[in-house]
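# Observations on the three-dimensional arrangement
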Amino acid sequence: MSDTRQFAEPTELADWGWPDIQALGGGSADPFETASLGGTWRPKDRHFGVWHEGRVVAHAGFVVAPVEVGGQRFDVAGIGGVIVDASLRGHGLARLVVAGALAAARAEGLERALLFCLPDRAPLYAHLGWYALPEPVVADQPDGPAPVPLGAMWTPLTPEAGWPDGPVRLHSLPM
Ligand SMILES: CC(C)(COP(=O)(O)OP(=O)(O)OC[C@H]1O[C@@H](n2cnc3c(N)ncnc32)[C@H](O)[C@@H]1OP(=O)(O)O)[C@@H](O)C(=O)NCCC(=O)NCCS
């Protein structure tokens, strides 16, 4: 595991927005490389960041979102907007900041978290304990439900939490 002792623990951020994301992405117009996929994405309700030398160098966002899977309905922690300063990648900051958002989700009593990512990011999340869902998740879009054009992954927030079999319907915009 990366040694992140040089970094502070993640804290909740009062302000967070697109200019902050672009700054971490080195000024890229498409810092998540998902612009070509289209779709409408849900802004996050809570933001967690790692401060380092007077600025935020890693971010993870979090919403509470209802899902329906195999006839069961439950809320998940929807994790999104995960980004690390382009000059500080590969030092464990994604691990650290995602853990901060998941701790907040656990404190809200949530038992599972869900995220969407490009296929080349999936091995990183698998390494962090996330499991790929086999089929695309169907989520809300402005003109009706549609499959999310990214892979879906979930992780348990309690030792007992499992994920039911069956198609997943997210009753929210994807995050
Ligand atoms: C994706 C991103 C957030 C990763 O940030 P990072 O700080 O470099 O990631 P970390 O160093 O915390 O890596 C987490 C762990 O995954 C491991 N890992 C990284 N790439 C991996 C891979 N391809 N396969 C397996 N494990 C991998 C790391 O070794 C690390 O493990 P460790 O903590 O046990 O040492 C960063 O590259 C980024 O900001 N990219 C642009 C925005 C983006 O794509 N965000 C993701 C949206 S879903």
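Read on for a plain summary of the structure. (Residues numbered from 1 in each chain as written. Predicted model: local features only at pLDDT ≥ 70, side-chain atom pairs only at ≥ 80, totals over all residues. Heavy atoms only, no water.)

## Description of the site of the ligand
Taken together, 22 residues surround the ligand, and among them Ser-2, Val-82, Gly-90, Arg-95 and His-127 come closest. Contact between the ligand and Gly-90: an oxygen atom at 2.7 Å from a main-chain N or O atom of the residue. In the environment of the ligand, an oxygen atom lies 2.8 Å from a nitrogen or oxygen atom belonging to the backbone of Gly-92. Coverage of the ligand by the protein amounts to 75% of the 960 Å² it exposes when considered alone. Among the elements that take part in the shell around the ligand, helix 3 (residues 122–127) stands out by supplying four residues, more than any other. For the shell around the ligand, a count of residues per class yields 14 nonpolar, five polar and three charged. (Near = heavy atom within 4 Å. Polar contact = N/O pair within 3.5 Å; in protein donor to acceptor, adjacent residues only side chain to side chain. Areas by Shrake-Rupley, 256 points an atom, 1.4 Å probe, with all protein chains shown as cover. Helix = DSSP H or I, 4+ residues; strand = E, 2+ residues; numbered from the N terminus. Nonpolar A, V, L, I, M, F, W, Y, C, P; charged D, E, K, R; others polar.)

## Remarks on the pattern of salt bridges
In this structure the tally under the stated criterion is nine salt bridges. Linking Arg-5 and Asp-3 is a salt bridge whose minimum nitrogen-to-oxygen distance equals 2.8 Å. Arg-5 sits in the exposed class, given a relative accessible area of 74%. A relative accessible area of 45% means that Asp-3 is categorised as partly exposed. Between Glu-12 and Arg-46 there is a salt bridge, and its shortest N-O distance comes to 2.8 Å. One end of the pair, Glu-12, is in strand 1 (residues 11–12); the other, Arg-46, is in strand 2 (residues 46–52), and 34 residues separate them in sequence. Its relative accessible area of 22% is what places Arg-46 among the partly exposed residues. Salt bridges here are not isolated pairs; linked through shared partners, they connect Glu-12, Arg-46 and Glu-108. (Salt bridge = Lys/Arg side-chain N within 4 Å of Asp/Glu carboxyl O. Buried < 20%, exposed > 50% of the residue type's maximum accessible area, 1.4 Å probe, protein only.)

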